[in-house]
Amino acid sequence: MCGIVAYMGEKQAYPILINGLRRLEYRGYDSAGVALLREGDLNVYKCQGKVSDLEAHTMGKELGGTVGIGHTRWATHGPPNDVNAHPHQSTSGDLALIHNGIIENYAAIKEELLHRGHSFQSDTDTEVLVHLIDDIQRSEGVDLAEAVRLALNSVVGAYAIVVLDRKDPDVMVAARKSSPLVIGIGDGEHFLASDATPIVEHTKNVVYLEDGEIAVIDRRKGLKIRNIKNQVKTPFIQELEMHLETLEKGGYDHFMLKEIHEQPRSIRDSMRGRLNLAKGEVVLGGITDYEQKFVQAKRILIVGCGTSWHAGLVGEYLFEELARIPVEVEYASEFRYRNPVINEDDIVIAISQSGETADTLAAIELAKGKGATIIGICNVVGSSIARVTHAGSYTHAGPEIGVASTKAFTAQVTVLTLMALMIGQRKGTIAGSRFHRLLNELDAIPAKVEKVLQGEAQIKYIADIYKEASNALYLGRGYSFPVALEGALKLKEISYIHAEGYPAAEMKHGPIALIDEEMPVFVIATKGASYEKVVSNIQEVKARKGKIIAIVTEGDTVVDGLADHVIGIPDTADPLVPLLSVIPLQLISYHIAVMRGCNVDQPRNLAKSVTVE
Ligand code: F6R
């Protein structure tokens, strides 16, 4: 939530900041701002709206300067407006600060500062921090870096910050705790950003700042890092593996559509080097040291939020069926606050696309503290969750920019499938012939996804029929139940149509009352274990005049005779159906949202990376 970017070097900062903010806009887009240092002036421009509104706002203004900071906001404290937008300044106007996170004890600090004569313009927690730094700088007579360090020692909460001081224009100070911050090291220039996307086109050399670290970037002395206890740290420079073209729309109208279409590749990349058909084995290098733990595990807990939680539910079915390990899937936000029973022989799998979700991070810390083994499934390399887990396997989906998660879901399910297969084989809970059949089926999935994507024209046609719906139901059983939840989430978050996912048989325990001729009901009715039962559920909906859009196995004639529309997907093994059946549901949501004129990549009130609880 909130994106921050900063630059110090020889080039003009403004274009670099604006470009960086555009890349970070997925993290928040209700207001934006920049501060630029130029010849003793600190020019701050900010306004409500998107980065494009900021650009319009700065038109014709003084935008020079080779040092600057920028921010795109997702409001937590105070509504989105010009005043609450970042950067925030000290009363003197000497300091400017951008912040991603929440200062939890801001009210107490504010009260203290009010007593000391400070006055505040905004409703934000961030403004309190810049006043505190300013206060310490003056009262203690220390430089900016030391004032930041002392201030952060009295702060409770999460932050990634960058501060500029008009009096010391060759220094930029940054710090992080529980919110991400990456430093790019170029030739005579430094970049700072919430993730590497604004940096990759300038340099591939990056340092991921650790929790509790403060970075001082000095035009003359370069980068120095210490922690808030004042211990010097050696920067660990890594090379980015990100490619610029993965951050562009590549000819698609929206990132979401591009990412839906990338799934044959992203699923393949998530299997690459892990699934070996010739040898008939699955090897997930990141967790081989923990294989024995898995084999002996009495229980697996899966934690995540939103779409990642849905992937976790598919994981539950996979691990229970293939590896015969009991699984509980938990919303990270609930798990962290209910004193859960966790044992040392539990394995906790934390799933997160961004690797920064605050609730998932907190759930990990809790389980880690109780001695469980934590395995991460993350997409963003070097992210906080990837770093705090004991081990893990990255999904190789590539950057996901559209706020609605698509390719991350299928990559997560792919990795969970590989994990369950690997552990099932080691435990001997899958018959050899089934194991080999599943490996072959999994290997064939990318080509089958490609085939589903070729049916987009029909899906668009169906989207056009139901685009004005006010409600929708999604039904599925077994492996398709989590897909029903995911389909409903996709529709509501980008098209603002109320949608619910249900296990198909649960429908008659309540939701059936909602069904009338206005209600589209999306049913996943592929051939497999629960096929006949789902067909009966379809009959029940039909009897109440609901409109049925069924996802079926290609060639199905039974459902074809019952449903209003059928979307065929290639046949595959039951555990792999989610990787195919979710694709038409993603496309339906996308096209309905576009037809309704919604901002698909940046739906209202949402942000991609939820770094606040
Ligand atoms: C939905 C969506 C969210 C995320 C959730 C978790 O399309 O994107 O529900 O899945 O916020 O985010 P990560 O996976 O980054 O932890």
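Up top is the structure.
Here the structure is a predicted model, which is why all the values come from computation and not from measurement.

1. Quick notes on the environment of Thr 373
At step 1: Relative to the elements of secondary structure, Thr 373 occurs in strand E21 (residues 373-378).
At step 2: Judged by relative accessible area, Thr 373 falls into the buried class, the value being 4%.
At step 3: Counting along the chain gives 73 residues from Thr 373 to Pro 446, while the straight-line C-alpha distance between them is 32 Å.
At step 4: When residues no more than four places from it in sequence are discounted, the contact partners of Thr 373 are Tyr 290, Lys 293, Asp 346, Ile 347, Val 348 and His 390.
At step 5: Within the structure, Thr 373 has its side chain in polar contact with the side chain of Lys 293 (distance 3.4 Å).

2. Observations concerning the sheet that holds strand E22 (residues 391-394)
At step 1: Pairing in this open sheet of five strands is parallel, and the strands run E19-E18-E20-E21-E22 from one edge to the other. Unpaired on one side and paired on the other, strand E19 (327-331) and E22 mark the two borders of the sheet. Sheet twist, expressed as the average angle between the axes of neighbouring strands with direction ignored, equals 20°.
At step 2: Pairing of strand E20 (residues 346-352) with E21, which is carried by six bridges, proceeds in the parallel orientation. Along E21, the bridge assignment pairs Ile 349 with Ile 375.
At step 3: Sitting on the sheet, helix H11 (residues 358-369) is in contact with strand E18 (299-304), E20 and E21, with an inclination near 165° to E20.
At step 4: Where helix H13 (residues 407-427) meets the sheet, it contacts E20, E21 and E22, and its direction lies at approximately 140° from that of E21.

3. Regarding the site of the ligand
At step 1: Around the ligand there are 15 residues in total, and Ser 308, Ser 352, Ser 354, Thr 357 and Glu 493 lie nearest to it.
At step 2: One of the side-chain nitrogen or oxygen atoms of Ser 354 is found 2.6 Å away from an oxygen atom of the ligand.
At step 3: Contributing elements (two or more residues each) for the shell around the ligand: helix H9 (306-323) and helix H16 (480-495).
At step 4: For the shell around the ligand, a count of residues per class yields five nonpolar, eight polar and two charged.

4. Details of the packing of aromatic side chains
At step 1: A complete count under the given rule lists five aromatic pairs for this structure.
At step 2: Each ring, one from Trp 309 and one from Tyr 331, has its centre 3.9 Å from the other, and the planes form 10°; the classification is stacked. Linking Trp 309 in helix H9 with Tyr 331 in strand E19, this pair joins segments that are 22 residues apart in sequence.
At step 3: What makes Tyr 331 partly exposed here is its relative accessible area of 39%.
At step 4: Between Tyr 474 and Phe 522, the aromatic rings sit 4.6 Å apart at their centres with planes inclined by 15°, giving stacked as the arrangement. Separated by 48 residues along the polypeptide, Tyr 474 in strand E23 (residues 471-476) and Phe 522 in strand E25 (residues 520-525) bring together distant segments of the chain.
At step 5: For Phe 522, a relative accessible area of 3% gives the class buried.
At step 6: In this structure, Lys 527 packs its charged tip against the face of Tyr 531, placed 5.3 Å from the ring centre.
At step 7: The cationic tip of Arg 604 hangs over the ring face of Tyr 496; the distance from NZ or CZ to the ring centre is 3.8 Å.

Reading the values: rules and limits
Residues numbered from 1 in each chain as written. Predicted model: local features only at pLDDT ≥ 70, side-chain atom pairs only at ≥ 80, totals over all residues. Heavy atoms only, no water. Helix = DSSP H or I, 4+ residues; strand = E, 2+ residues; numbered from the N terminus. Buried < 20%, exposed > 50% of the residue type's maximum accessible area, 1.4 Å probe, protein only. Contact = heavy atoms within 4.5 Å. Polar contact = N/O pair within 3.5 Å; in protein donor to acceptor, adjacent residues only side chain to side chain. Pairing = 2+ DSSP bridges. Axes fitted to C-alpha atoms, helices over the stretch in contact; angles between N-to-C directions. Near = heavy atom within 4 Å. Nonpolar A, V, L, I, M, F, W, Y, C, P; charged D, E, K, R; others polar. Phe/Tyr/Trp six-rings, centres within 6.5 Å; stacked < 30°, edge-to-face > 60°. Lys NZ or Arg CZ within 6 Å of the ring centre and 35° of its normal.

Nothing here speaks to function; it is geometry throughout.
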